[in-house]
Amino acid sequence: MAAVTIDSLLQNPTLVFRPKAKVLLKPPRSLDCSRNRKLPLSRGSCLCSFNPRRTIHVVRASSSETALIGNFDISSSDDILYKDIFPVKRIEKVEGKFFIRLDRSKDQHDWQLTVGCSLPGKWILHWGVSYLGDSGSEWDQPPKGMRPPGSIPIKDYAIETPLKKLSEGDIFHEVKIDFNPISEIAAIHFVLKDEETGAWYQHRGMDFKVPLVDYLEDDGNIVGAKRGFGVWSGALQQFSNVLLKSEASHADSQNNSIESKDSKNKNRCLEGFYEEQSIVKEVSVGNLVSVAVRKSPETGKVIVCLETDIPGDVVVHWGVCRDDAKIWEIPAAPYPPETTVFKNKALRTLLQPKATGNRSGALFTLDEEHFGFLFVLKLDENTWLKFKENDFYVPLLGTSSVPGQYGQSDSTSEEISSKSYTDGIINEIRNLVSGLSSEKSQKTKKKEVQESILQEIEQLAAEAYSIFRSSITTVPDEVVSETETTKPAVKISSGTGTGFEILCQGFNWESHKSGRWYMELKEKASEISSLGFTVIWLPPPTESVSPEGYMPKDLYNLNSRYGTIDELKELVKSLHEVGMKVLGDVVLNHRCAHFKNQNGVWNIFGGRLNWDDRAVVADDPHFQGRGNKSSGDNFHAAPNIDHSQEFVRKDLKEWLGWLREEIGYDGWRLDFVRGFWGGYVKDYFEASGPYFAVGEYWDSLSYTYGEMDHNQDSHRQRIVDWINATNGTAGAFDVTTKGILHSALERCEYWRLSDQKGKPPGVVGWWPSRAVTFIENHDTGSTQGHWRFPGGKEMQGYAYILTHPGTPAVFYDHIFSHHRSEIASLISVRNRNGIHCRSLVKIVKAERDVYAAIIDEKVAMKIGPGYYEPPSGSQRWSLALEGRDYKVWETS
Amino acid sequence: MEVSVIRSCSQATNLKTELGFKDSRFSFGKFNEKLFFRKPNSVSFQSPLRRGKSGLRITAQAAQSDPLPKSKSSTKSKTLNRVRLFAGLPLDVVSGGTVNQFRAISAGLKALKLLGLEGVELPIWWGVVEHESMGKYDWSGYLTIAEMVRKAGLKLHVTLCFHASSQPKIPLPEWVLDIGKTKSNIFFKDRAGKPYRGCLSLAVDELAVLNGKTPMQVYQDFCESFKSAFSAFIGSTIMGITMGLGPDGELRYPSHRGFAKSDTVPGAGEFQCYDKNMLHLLKQHAEACGKPKWGLGGPHDAPANSELPTANTFFKDHGGSWESPYGDFFLSWYSSQLIAHGDRLLSLASSVFSDSAVNIFGKVPLMHSWHGTRSHPSELTAGFYNTATRKGYEEVAEMFARNSCKIILPGMDQSDKYQLKESLSSPESLLAEIGTACNKHGVGISGQNSTVGAPDGLKQIKKNMLSENLNDSFIFQRIGAQFFAPEHFPLFIEFVRKLNQPELHSGNLPTKEGTTTATDSVHTRSNLSIHMQSA
């Protein structure tokens, strides 16, 4: 899935496809055998060679949207009929430098190889070494001593080392590799990778190779090696020459490149060199297009004023329309200067540079009978900017208010159409397919590969699904609701509550022990409420085989280890009195049976819901159910309920209704929702009308080599899919965010907290209003500790979730601990600034050791040991709260 | 000096990284075996199991007094080893000359290829290609798809749809509907005279009702145009072509209009012999038989479309009119008209594509409701004279065999136990019945699932794929949001994986080599289920 999206970023790549290296080991002399084999791409990726000489716009990659909006000075007179700012995203090529330097380190004994890059990005050096006498071009892992700190081994043949800026002011990200030339190492090989975009930079289709052999031969203390070496050296010479020749025309390589030294110098001494080359990266850049429509009081004509900060020549391809059908027409003259007619269908106007700033614009004067103004922007022959794959549309008539359909800001809303994109996909498929089927199938099954291919299939399917789905029904997208909720009006829905909820998990794994938890909690009700919580989640109330309540038996028996049904009612009443809503923890996935069937299997239920084995899913052999197959995953410790049975659903709906009525629960926390289809959940919620509801969809994140992947899109997609299946009637615990926080905090990799699009990487980045963020619960933490949040860093976690959109949930153990006052302060900052589940978050920093974001332009926060201060601009920030490795500011 | 950039994206990259590196570490090639299958590009069966089966198949053939030439039976045992799996593309994958949801299709094709599917099925609509006016064809969108499929390394099964679709809405060509506005008798009509605009009446096949041309000529021109437009693909990428034969592409009358929801009992269906031309043919036939009074209309005592069979006396289990001489007269005529129609279209297709290396298919419906009654009302109204006392599918299979066409049977996902009891429905036994007829005439069978879906559908499909109800290919319907949905797609993956490793329940265990043949030869009956022999 990911490979496909990235391709869309390519505008005019020259696609070069190489068949997968099928070569068995060739003699070392052969140049070919080094080609591409070390490169981590074989199937399905494309190689794109960019010619660095192409003329390109060089822009700064970061642009602050707020600043730009401020800059637009569209006429502010009263007669404005319409005004909107459309964000657009384009792909820019950014040019930078990249150097390789080989020199002696300070002590003059060791040598040092430095690789640096001046472009912004998360640069990783992917490298390895080859030893003397190695045949072929296999890499090996460098000896431990050679690995700079922060290096990560990639299996047993390469390591990855991040490039770092030595200080804030540096232009270059650098990595230095120290090595002792008196070793068996023949060469260092590397390629450069940008983690931000997933792009690999290599050397003319091969790895970069820095040979060290000359020195070694000179030193050569092993006779055998020396003889073998003669061959090698010759090969190398040849190799270098080839390289040199083909490079001469391209590169501004300086005279002291090793290769040239090599060929000149026969003394075979390792020489230092410095080589620099240009490197081009594609980054997506946000720009704005602002449009204002006003009526000229003198002429009665309508004037459309269009402005943009997109650099370079921008052509507006435009027309007008008569009605909603938006059929393009050409209006009557006059037209702005530099306008041409395009195929009698549209007009093209070149935007004129403005006197101030780097903006350009045009004024279009139109007769007032036109219904709307349509346009797209053309940057060059192949690059068009559209609005959500449609024309930009500006209403001209009756435009006093603009419905939310247009003009919301969403950075994903436009795409650049580009022909190369489709070619990319097709070629990619070809590549993939030829790679797969050209090989003879063999009997040996590599499970891992199967898994990888499976994963890839799943990702492709997820992509196809998301497109098909979006074209069928309009998913209740955040785009709409985000604009809605900036208004103070509060809409309550079961997925979000008011949108300003803060959840307290009101128990832990030990709460059942006292036998009177309801009474204990009742005493704390006003205290919890005063901390700022609006919703509390109570433990599962039913009779249960396990004391904690998650193995329910008779659903209508609410006497549990936490207390009696009357105590529960009393507790709920007191919680309501202090203004909190109460969530019941309902376990719908499974239920423990009362009786055995004739085979001695426990699958016959008793109590008021005396179901038989038809209520049990058929695909769990332990329980011999006679229902249909499960619509989800199975929980193996108890009979899983078959929700596809009408009678089961009817009974459960009735039960939920009873809990609402009898106990006074306001909503639900649903246990193990992976076990059944979200569509049933929707059914239950529509029947029981909760005020707030959240489901526990907990599955594993993606890991590669035991290390968590940066991109957890497939994980959050599964959660989002579940929410979708419930039709948005429920939120879901944002397990993705918790997982990413673990890695970011534990390993000091705060860059993980921004996804490829610069949004939060968890569910909260995609569907904030339905994400219930948390850092710990009774399973992950408490006395179970299945997946405990990194110790000592809990407050960083809370500083993140309590300032960010989503509905944050705080775990009981943390409230009643030394964190209490800090948590309380964070909650009050959240409430004071009106941060809600749909607040807008702007990530301003996501680097190795610091993450910083500004939320709703009202609250700024940073976590991590690194430095960050909010900008000292028009807004004045004051520090609201500070703790270990985190800070929170608010505007004053 | 030049810097090359390789793009791909982080997660995918990681995956590829791993594969790439492995490739270089281990000896190349050992590794890129097909994901689940031993044979590339196919869903193949475990060889031990199949060895037993094909052995069985041959002995069975030999024991039957079947006129099949020996050579044919050996090719047949070959195809038995290999049921190729296809997935249908969305019905509206092309509209107005453009490909819809291009990216989704691209990703989907890639996923299916990785999963090891043989290919995809592409419905090509008369109403899309020849939309504007007669003889003006626009193949562009479909050519794009064919190219995508070819590049993806998949095969293509094309379905030529001479009918309309209601969901998504794809009507017949505009100019045809225009003609129909004044001449409603080009459509089938029920007793109330209500026309069915989903396809042309078979009675006009040879009448020059379309601007001076007969529908057969129009269909032929369409096929010829298709052949020349896709000449680069036919025989290489396009390996199969399904000829549309009637409503929903199926060989039948539109007897069940506005097919009811799954939770209500379907009606008996209604005879569709009331358009002017059908009535005329009936009259002629009756006169030729010396029973002119029988030719004045359809059965007077048949229930209406949505009524239960019991609503009138025609379908009564005992003593119903269907068993009377009149019943036999009418039903013979009614079903023979349908078979003749199928024969015309299939021989047309066979001759157009005779010099191309493609298989021609036709689809026969699975009218399984009321199969438990003696009269099989649903089958009768749909045009299949198949009752408790008469094997009606023999003629159908024979017609397919005559044209060297293969048959597509839908409803392979339907199992008896999920049918409404009241409808006396039995998809499994009907399928077996048709399967038997086909096997007898050597007609290859390709399966499809029903569009409505069925509980445990994949399980049932798998069961059918392992039986001899199916010996050519299976076309899974259809790709779309639901297909790739997280509720469904993992099940599908599982399904495909398991096809390679059929559960070896006791009846299906492969035996040790050598011992099979002896036991196999005992089984010469045509009943399919007995192949689950124990050994």
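Owing to the predicted nature of the structure, the values given are computational and were not obtained by experimental measurement.

Calculation criteria
- Residues numbered from 1 in each chain as written.
- Chains lettered and ligands numbered in written order.
- Predicted model: local features only at pLDDT ≥ 70, side-chain atom pairs only at ≥ 80, totals over all residues.
- Heavy atoms only, no water.
- Helix = DSSP H or I, 4+ residues; strand = E, 2+ residues; numbered from the N terminus.
- Buried < 20%, exposed > 50% of the residue type's maximum accessible area, 1.4 Å probe, protein only.
- Contact = heavy atoms within 4.5 Å.
- Phe/Tyr/Trp six-rings, centres within 6.5 Å; stacked < 30°, edge-to-face > 60°.
- Patch = residues over 30% accessible without salt bridge, like charges linked within 9 Å, V, L, I, M, F, W, Y side chains within 5 Å.
- Areas by Shrake-Rupley, 256 points an atom, 1.4 Å probe, with all protein chains shown as cover.
- Salt bridge = Lys/Arg side-chain N within 4 Å of Asp/Glu carboxyl O.
- Lys, Arg positive; Asp, Glu negative; His and termini not counted.
- Charge placed at Lys NZ, Arg CZ, Asp CG, Glu CD.
- Pairing = 2+ DSSP bridges.
- pLDDT = per-residue confidence, 0-100.
- Axes fitted to C-alpha atoms, helices over the stretch in contact; angles between N-to-C directions.
- Polar contact = N/O pair within 3.5 Å; in protein donor to acceptor, adjacent residues only side chain to side chain.
- Parallel < 35°, antiparallel > 145°, perpendicular 65-115°, else oblique.
- Left-handed = near helix turned anticlockwise from the far one by under 90°.
- Nonpolar A, V, L, I, M, F, W, Y, C, P; charged D, E, K, R; others polar.

What follows covers the overall build of chain A. Scanning chain A from N- to C-terminus turns up 18 helices and 40 strands. Within the span of chain A, comprising 892 residues, buried residues form 57% of the whole. Partitioning the contacts of chain A with sequence separation of at least 6, the portion at a separation of at least 24 is 68%.

A few words on the packing of aromatic side chains. Inspection of the entire model under this criterion finds 60 aromatic pairs over all chains. With a centroid separation of 6.4 Å and 80 degrees between ring planes, the pair formed by Phe-86 of chain A and Phe-375 of chain A is classed as edge-to-face. On the criterion of sequence distance, the pair formed by Phe-86 of chain A in strand β3 (residues 80–104) and Phe-375 of chain A in strand β20 (residues 372–380) is long-range, its members being 289 residues apart. A relative accessible area of 0% places Phe-86 of chain A in the buried class. Given a relative accessible area of 0%, Phe-375 of chain A falls into the buried group. Ring centres of Phe-330 of chain B and Trp-333 of chain B lie 6.0 Å apart, and the angle between their planes is 50 degrees; on these two criteria the pair is classed as tilted. Taken together, the residues Phe-330 of chain B and Trp-333 of chain B, both in helix α10 (residues 325–352) and three residues apart, mark about one turn of the helix. Like Phe-330 of chain B, the residue Trp-333 of chain B is buried in the burial classification.

Turning to a positive patch on the surface, a few remarks are in order. Taken together, the side chains of Lys-629 of chain A together with Lys-417, Lys-459 and Lys-498 of chain B make up a positively charged region of the molecular surface. Within the secondary structure layout, Lys-417 of chain B lies in the loop between β11 (406–409) and α13 (427–441).

It is worth spelling out the environment of Phe-647 of chain A at this point. Residues and elements named next belong to chain A. Tracing the chain through its elements places Phe-647 in helix α11 (residues 646–663). A relative accessible area of 23% means that Phe-647 is categorised as partly exposed. Separated by 36 residues in sequence, Phe-647 and Trp-611 have C-alpha atoms that sit 9.0 Å apart. Those residues in contact with Phe-647 that lie beyond four places of it in its chain are Trp-611, Arg-614 and Ala-615.

Residues and elements named next belong to chain A. Counting buried positions along strand β15 (residues 315–321) gives seven out of seven residues, so the element sits mostly inside the fold. Alternating residues of β15 divide into Val-315, His-317, Gly-319 and Cys-321 and Val-316, Trp-318 and Val-320, and every residue in both groups is buried. Across four bridges, the pairing between β15 and strand β17 (residues 346–350) is antiparallel. When the bridges of β17 are listed, Val-316 appears paired with Thr-349.

Residue and element names in this part refer to chain B. In the predicted model, chain B carries a mean pLDDT of 78, and the fraction of residues at 70 or more is 77%. Confidence drops under a pLDDT of 50 for residues 1–81, and excluding neighbours within four residues, the segment shows 248 contacts in the predicted structure. Between residues 503–535, whose pLDDT stays under 50, and residues either more than four places distant or in other chains, the model counts 39 contacts.

So, on to the sheet that holds strand β36 (residues 841–846) of chain A. Residues and elements named next belong to chain A. Taking strand neighbours across the sheet as the criterion, the five strands line up as β36-β37-β38-β40-β39 in an open arrangement whose pairing is antiparallel. At either end of the open sheet lies a strand with only one pairing partner, and these are β36 and β39 (877–883). Neighbouring strand axes in the sheet, compared pairwise and without regard to direction, differ in orientation by 15 degrees on average. Pairing of β39 with strand β40 (residues 886–891) involves six bridges; the strand directions are antiparallel. Following the sheet pairing, Trp-877 is matched in β40 by Thr-891.

Now for the pattern of salt bridges. Inspection of every chain in the model, using the stated rule, returns 51 salt bridges over all chains. In this structure, the salt-bridge partner of Glu-270 of chain B is Arg-191 of chain B, at a minimum N-O distance of 4.0 Å. Here Arg-191 of chain B lies in the loop between β7 (187–189) and β8 (195–200) and Glu-270 of chain B lies in the loop between β9 (238–243) and α9 (276–288), a separation of 79 residues in the sequence. Relative accessible area serves as the criterion here: at 36%, Arg-191 of chain B is assigned to the partly exposed category. Linked through salt bridges whose partners overlap, the residues forming this network are Asp-585, Arg-669, Asp-671 and Glu-696 of chain A.

Another aspect to go through is the side chain of His-590 of chain A. Residues and elements named next belong to chain A. Along the chain, His-590 turns up in the loop between β26 (581–586) and β27 (595–596). Polar contacts involving the side chain of His-590 include one to the main-chain carbonyl oxygen of Tyr-550, which spans 2.9 Å. One polar contact links His-590 to Asn-589, side chain to side chain, over a distance of 3.1 Å. Those residues within four positions of His-590 in sequence are excluded, and the remaining contacts are Tyr-550, Met-551, Pro-552, Phe-635, Ala-638, Pro-639, Asn-640, Ile-641 and Asp-671.

This paragraph deals with the sheet that holds β3 of chain A. All names here are of chain A. Taken in spatial order, the eight strands make up an open sheet running β8-β9-β4-β3-β13-β14-β19-β18, and their pairing is antiparallel. Taken across any chain shown, the strands that pair with only one partner, and hence form the sheet edges, are β8 (164–165) and β18 (352–353). Where strand β14 (residues 302–308) and strand β19 (residues 360–366) come together, seven bridges link them in antiparallel fashion. Paired with Ile-303 across the strands is Thr-365, a residue of β19.

Pro-168 of chain B follows Gln-167 of chain B through a cis peptide bond whose omega is -5 degrees. In this structure, Arg-478 of chain B follows Gln-477 of chain B across a cis peptide bond, with omega equal to -10 degrees. Summarising the element assignment, Arg-478 of chain B is placed in the loop between β13 (473–476) and α15 (481–484). Unlike most non-glycine residues, Glu-338 of chain A shows phi in positive territory, near 60 degrees. With respect to the helices and strands, the residue Glu-338 of chain A is situated in the loop between β15 and β16 (339–342). For Glu-338 of chain A, a relative accessible area of 51% puts it in the exposed group. Even without being glycine, Asp-248 of chain B reaches a positive phi, approximately 55 degrees. Among the secondary structure elements, Asp-248 of chain B is positioned in the loop between β9 and α9.

Counting buried positions over the 10 residues of helix α14 (residues 457–466) of chain B gives eight, a clear majority of the element. Among the residues of α14 of chain B, those classed as buried are Gly-457, Leu-458, Gln-460, Ile-461, Lys-462, Asn-464, Met-465 and Leu-466 of chain B.

Our next topic: the environment of Ala-292 of chain A. Mapped onto the elements, Ala-292 of chain A comes out in strand β13 (residues 273–295). On a C-alpha basis, the gap between Ala-292 of chain A and Glu-307 of chain A in space is 8.8 Å, while along the polypeptide they are 15 residues apart.

In this section: the pairing of strand β10 (residues 359–363) of chain B. Residue and element names in this part refer to chain B. The element β10 is largely enclosed, with a buried count of four among its five residues. Here three bridges tie β10 to β11, and the two strands are oriented parallel to one another. Bridge assignment links Phe-361 to a residue of β11, and that residue is Lys-406.

Residues and elements named next belong to chain B. One can describe the packing of α9 onto α10 by two numbers: an axis separation of 11 Å at closest approach and a directional angle of 125 degrees. Taken together, the axes of α9 and α10 lie oblique to each other. Here α9 and α10 pass one another in a crossing that is right-handed. Touching Met-278, Leu-281, Leu-282, His-285 and Ala-286 of α9 are Phe-329, Phe-330, Trp-333 and Gln-337, all from α10. When its residues are assigned to classes, the contact of α9 with α10 shows seven nonpolar, two polar and no charged.

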